Amino acid sequence: VVAKWKLLLPDGTLDKSKVFCVLCKGEFNYHRSSSSLTYHLKAKHPGVAATLDGGGLRQTTLQQFAVRGGPLTRVATNKITEAIACWVAKNCRPVNIVEDAGLRDVIREASGDSAYHLPARSTVMSRIETLYNNQKAIKQRLLEQAPYIALTCDHWTSASNANYLGATAHFIDDNWCLHSFALTVSKSTERHYAEACAQHIQAVTQEWNIEKKITTLGTDSARNLTAAARLLPYEHLPCTAHSLQRAITVSLADSGFDAVLTKCRKIVGHFKHSPANARELNQQQVAHKQKEESLIQDVPTRWNSTLHMITRIQQNKSPIEATLSQQNSKIPLLTEAELGKLKKLEELLEPCRYVFISHYISCSVVLPAFCHLFRVMEPSDDDTVNIVRFKKAFCEDLAKRKENSNLTWLKNATALDPRFKDLKCLPKSERGEVWSSLNNLLKEDRNAQIQGAQTTGEAPQKKRKMSIFLLASSDSDTDDEAESIQSTLDRYKSESKTDMDECPLQWWSKRRDSYPRLEQIARKYLSTPATTVPCERLFSLSGHIIQKKRATLSSSNVERLVFIYNFYSETHFNMAELFNITQVENGEMFLEHEQVRILFLFGLFFYISLELNQTNIYVITELHYT
């Protein structure tokens, strides 16, 4: 209160025509308006006026006054808008979801502001563009600090029949932390000839200003990308996962397993295409005290789906036979001989399953993995004709693909991995060549540093000579002792080999001071991925973004959405999981309604994915119709 009525009338009532200021005792006429008082406060008491003004707040409207918890502040509204933009980008939601009355009602109920209105589509897209620019600037600074960068590229066709080029960057920073993220998912309108592909890839590297830092280019076995890689000044590494896929596909076609696999596909299709048949199979699984699970249909482009199909059929042999017998179905059952074939085929494919299943695989694992597969696929006296044909076809095809890969790069990477530096995966006659190659790389690195010291600045002659002398010296354990490049390699070879479950990045991180120049070369080789799986993951994400209802998205918006999702989903990798050959189990998450509401209030539900079970789907459907 800054003003009071001035006088009392004879009848005891207040004289409402006069008021006085409680701060300076000034008297003013009052004419049913506070304008004169407001002017007086601003002129004579500006500090009090600013406090009472409330930073631009206005009088509450009747609609706002009726709100249970009061209106949201401008700061809270902006936070909700930012969260919605992040949610749309990260969880592949359409932008027009801000026009959904249901989402509006959820936010009103959670915030207590019944007058809240969702932001416009243009506002959300503006926030998404801001997120994109901020995250791109962060990645740009990381790329500027990286001395060597490995690139993977691939093409993809969307649901709207548009062609896109995806590219990912991979490098190890000074702290020996591995970084892997998307560079682009850009639309291409020209035909995918080798020259056009090479120009498109070169444009991506120029946009990020990394064309001089690229060491390797990883692609699949497509002829146009292989030819494009030959036109570019980078080392080309074919995708090892594609090579393994093609080798298994060729072996299955030439080994006499087609008939039994065709029979398995018919059995799986019988239960996949009929909910009634699937329900009867589940009843038989319960009767046989087995887990209720559906059969798996294999996919031609994924060899491991064939392994999962035959494994699931063998596990459910009795329920399948009981269900088909009960239905009097014409689907032929598998004979004992055919089941024996499936068992042998499972034993053949099982070793391939544990070769490349980690989240990120370095190219240093490729040659040891090939050596392991060749040893497993050696024919034995107990093998049947089909098994011998499969093993022979597999080894011949994989050997051809191995010879067409970049063996020099793979050998150097294997030698720089402390788990495989004994090079037992190579013949003894080739091991000396690998160490000679590393010796030459160290000499080139030393000469490059000397030339760089000679051409930089106009330092005093005495200091320049001293810096050249120091740069010319080899790796040393102390400042007083100098060792040659060969003795440095000998020291590295004499180090004890690490176990398979240990991480090479952690090993090098602890010894980078002992091998300063060899450590730089190790960062260059170990950061190269063995597969193009990172690009495939980008296309899986793009498929969720470019759906039939969102087929008209512009290419720039597609790139922004993919970028933001990739940037926000990237975390600091656990190095112990990056290079280890271990099996990863996929977990499931089920949340109750109240948990979702609480997470929504804190803005955390944007960073989780929900898997709905059958009961939840039924409840949501009932609520929808209600």
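For clarity, every value in this text was computed on a predicted model and none was experimentally measured. (Residues numbered from 1 in each chain as written. Predicted model: local features only at pLDDT ≥ 70, side-chain atom pairs only at ≥ 80, totals over all residues. Heavy atoms only, no water.)

A.B. asks: In this structure, what is going on with the overall build of the protein chain? I would like to understand it.
C.D. replies: Along the protein chain, the regular secondary structure elements total 27 helices and eight strands. For the protein chain, the residues scored as buried account for 43% of the 626 residues in total. The contacts in the protein chain between residues at least 6 apart in sequence include a share of 65% that link residues at least 24 apart. When the accessible surface of the protein chain is totalled, it reaches about 34900 Å², and 51% of it is carbon and sulfur. (Helix = DSSP H or I, 4+ residues; strand = E, 2+ residues; numbered from the N terminus. Buried < 20%, exposed > 50% of the residue type's maximum accessible area, 1.4 Å probe, protein only. Contact = heavy atoms within 4.5 Å. Areas by Shrake-Rupley, 256 points an atom, 1.4 Å probe, with all protein chains shown as cover.)

A.B. asks: Honestly, the sheet that holds strand 4 (residues 149–157) in this entry has me stumped. Any pointers?
C.D. replies: Pairing is mixed in the open sheet, where five strands are placed in the order 6-5-4-7-8. Edge positions in the sheet fall to strand 6 (178–188) and strand 8 (235–238), since each of these pairs with one other strand and no more. When strand polarity is set aside, the average angle formed by the axes of neighbouring strands in this sheet is 25 degrees. As judged from the four bridges shared by strand 4 and strand 7 (residues 214–219), these two strands associate in the parallel manner. Its bridge partner lying in strand 7, A150 is registered against T216. (Pairing = 2+ DSSP bridges. Axes fitted to C-alpha atoms, helices over the stretch in contact; angles between N-to-C directions.)

A.B. asks: Hey, could you run me through the side chain of T306 in this one?
C.D. replies: With respect to the helices, strands and loops of the structure, T306 is situated in helix 12 (residues 303–315). Each residue touching T306, except ones within four places of it in the same chain, is listed here: L261 and D298.

A.B. asks: Just to check I follow, could you spell out the nonpolar core for this structure?
C.D. replies: Nonpolar side chains tend toward joint burial in soluble globular proteins. Membership of the largest hydrophobic core comes to 73 residues, with the highest contact counts inside it found for F390, F394 and W508. When we break this core down by domain, the ones giving at least three residues each are domain 2 (130–238 + 533–578) and domain 3 (243–405). Discounting chain neighbours no more than four positions away, the residues touching F394 are L244, A247, I248, S251, C352, L373 and M377. In terms of nonpolar packing, the next biggest core, distinct from the first, is built from 24 residues, L143, I149, C197 and L232 among them. (Core = buried A, V, L, I, M, F, W, Y, C linked by side-chain atoms within 4.5 Å. Domains from an automatic or database assignment.)

A.B. asks: What am I meant to see in helix 12 here?
C.D. replies: Residues that lie three or four places apart on an α-helix share one face, since the helix turns once every 3.6 residues. Its 13 residues give helix 12 an end-to-end C-alpha distance of 19 Å, which sits within 8% of 18 Å, the value for a rise of 1.5 Å per residue. For helix 12, every residue scored as buried is listed here: W303, S305, T306, L307, M309, I310, T311, R312 and I313. Packing partners of the buried residues in helix 12 comprise helix 9 (240–253), helix 10 (258–272), helix 13 (317–327) and helix 14 (336–353). (Expected span 1.5 Å × (residues − 1).)

A.B. asks: Explain unusual backbone geometry here, please?
C.D. replies: Excluding glycine, most residues fall at negative phi; most peptide bonds, likewise, are trans. The backbone of N209 shows a phi angle near 60 degrees, a positive value even though the residue is not glycine. In this fold, N209 is placed in the loop between helix 7 (194–207) and strand 7. Not every positive phi belongs to a glycine, and L423 is a case in point at roughly 55 degrees. With respect to the helices, strands and loops of the structure, L423 is situated in the loop between helix 17 (407–415) and helix 18 (428–455).

A.B. asks: Even after reading the chapter, I still don't get the pairing of strand 2 (residues 18–21), so can you show me in this structure?
C.D. replies: Successive residues of a regular strand alternate their side chains across the two faces of the sheet. The pairing of strand 2 with strand 3 (residues 27–29) spans three bridges and is antiparallel. Within the sheet, the bridge partner assigned to V19 lies in strand 3 and is F28. Here strand 2 hands over to strand 3 after five residues, with K25 in that stretch at a positive phi of 65 degrees.

A.B. asks: Looking at this model, I keep getting lost on the pattern of salt bridges. Mind explaining?
C.D. replies: Between side chains of opposite charge, a pair can form as their charged atoms come close. Applying the stated rule across the entire model yields 16 salt bridges. Across the pair E207 and K136 runs a salt bridge, and its minimum N-O distance is 3.1 Å. One end of the pair, E207, is in helix 7; the other, K136, is in helix 6 (residues 121–145), and 71 residues separate them in sequence. A salt bridge links K263 to E338; the nearest nitrogen and oxygen atoms lie 3.0 Å apart. With K263 in helix 10 and E338 in helix 14, this residue pair connects regions lying 75 residues apart in the sequence. Neither residue differs from the other here; K263 and E338 are each classed as buried. (Salt bridge = Lys/Arg side-chain N within 4 Å of Asp/Glu carboxyl O.)

A.B. asks: Is there a simple way to explain the packing of helix 11 (residues 275–287) against helix 13 in this structure?
C.D. replies: Each packed pair of helices is defined by two parameters, the angle between the axes and the distance between the axes. Axis separation between helix 11 and helix 13 bottoms out at 9 Å; the angle between their running directions is 125 degrees. In terms of orientation, helix 11 and helix 13 fall into the oblique class. Regarding helix 11 and helix 13, the two cross each other, and that crossing is right-handed. Counted together, N277, E280, L281, Q284 and Q285 of helix 11 and P319, I320, A322, T323, Q326 and Q327 of helix 13 form the full contact between these two elements. Of the residues in the contact of helix 11 with helix 13, the class split is four nonpolar, six polar and one charged. (Parallel < 35°, antiparallel > 145°, perpendicular 65-115°, else oblique. Left-handed = near helix turned anticlockwise from the far one by under 90°. Nonpolar A, V, L, I, M, F, W, Y, C, P; charged D, E, K, R; others polar.)

A.B. asks: Is there a simple way to explain the environment of L438 in this structure?
C.D. replies: Along the chain, the position of L438 falls in helix 18. C-alpha of L438 to C-alpha of A413: the two residues are 25 residues apart in sequence and 9.9 Å apart in space. When near neighbours in sequence (up to four residues on either side) are disregarded, L438 contacts N412, A415, L416 and L489.

A.B. asks: Help me understand the confidence of the model for the protein chain, please; the structure alone is not making it clear to me.
C.D. replies: Caution is warranted with low-pLDDT regions, since their predicted coordinates should not be read in detail. Here the protein chain averages 78 in pLDDT, while 74% of its residues score no lower than 70. With pLDDT under 50 throughout, residues 462–482 is counted as low confidence; its partners more than four residues away or in other chains account for 32 contacts. Every residue in residues 571–626 is under pLDDT 50, and counting partners more than four places away or in other chains gives 73 contacts. (pLDDT = per-residue confidence, 0-100.)

A.B. asks: I keep staring at the packing of helix 4 (residues 74–90) against helix 6 and nothing clicks. Help me out?
C.D. replies: At their nearest, the axes of helix 4 and helix 6 sit 9 Å apart, and the two run at 75 degrees to each other. Of the possible angle classes, the one that applies to helix 4 and helix 6 is roughly perpendicular. Mapping the contact onto sequence places N78, T81, E82, I84, A85, C86 and V88 in helix 4 and T123, V124, R127, I128 and L131 in helix 6. Along the lines of polarity and charge, the residues of the contact of helix 4 with helix 6 split into seven nonpolar, three polar and two charged.

A.B. asks: Looking at this structure, I do not really get the packing of aromatic side chains. What am I missing?
C.D. replies: Between two aromatic rings, the relevant description is the distance of the centres plus the angle of the planes. On inspection of all chains with the given rule, the structure shows 11 aromatic pairs. Between W176 and W508, the aromatic rings sit 6.2 Å apart at their centres with planes inclined by 10 degrees, giving stacked as the arrangement. Linking W176 in the loop between strand 5 (163–172) and strand 6 with W508 in helix 21 (residues 504–511), this pair joins segments that are 332 residues apart in sequence. You'll find W176 and W508 in the same group, each marked buried. With centroids separated by 5.5 Å and ring planes inclined at 25 degrees, the aromatic side chains of Y492 and W508 adopt a geometry described as stacked. Pair noted here: Y492 is in helix 20 (residues 485–494) and W508 is in helix 21, with a separation of 16 residues, a long-range link. According to the relative accessible area criterion, W508 is buried, its value standing at 0%. (Phe/Tyr/Trp six-rings, centres within 6.5 Å; stacked < 30°, edge-to-face > 60°.)

A.B. asks: Got a minute to help me understand helix 5 (residues 101–111) in this structure?
C.D. replies: Every buried residue of helix 5 is accounted for by L103, I107, R108 and A110. Near the N-terminus of helix 5, the side chain that reaches the backbone nitrogen of G102, with its oxygen 3.0 Å away, is that of D100. Positive backbone phi, approximately 80 degrees, marks G112, located one or two places after helix 5. (Polar contact = N/O pair within 3.5 Å; in protein donor to acceptor, adjacent residues only side chain to side chain.)

A.B. asks: What should I look at first to understand the pairing of strand 6 in this one?
C.D. replies: For strand 6, the tally of buried residues reaches 10 of 11 residues, placing the bulk of the element in the interior. Inspection of the sheet shows strand 5 paired to strand 6 by 10 bridges, in the antiparallel sense. Directly across from N163, in strand 6, lies its bridge partner S188. Two successive antiparallel strands, strand 5 and strand 6, enclose a turn made up of five residues, where W176 displays a positive phi of approximately 60 degrees.

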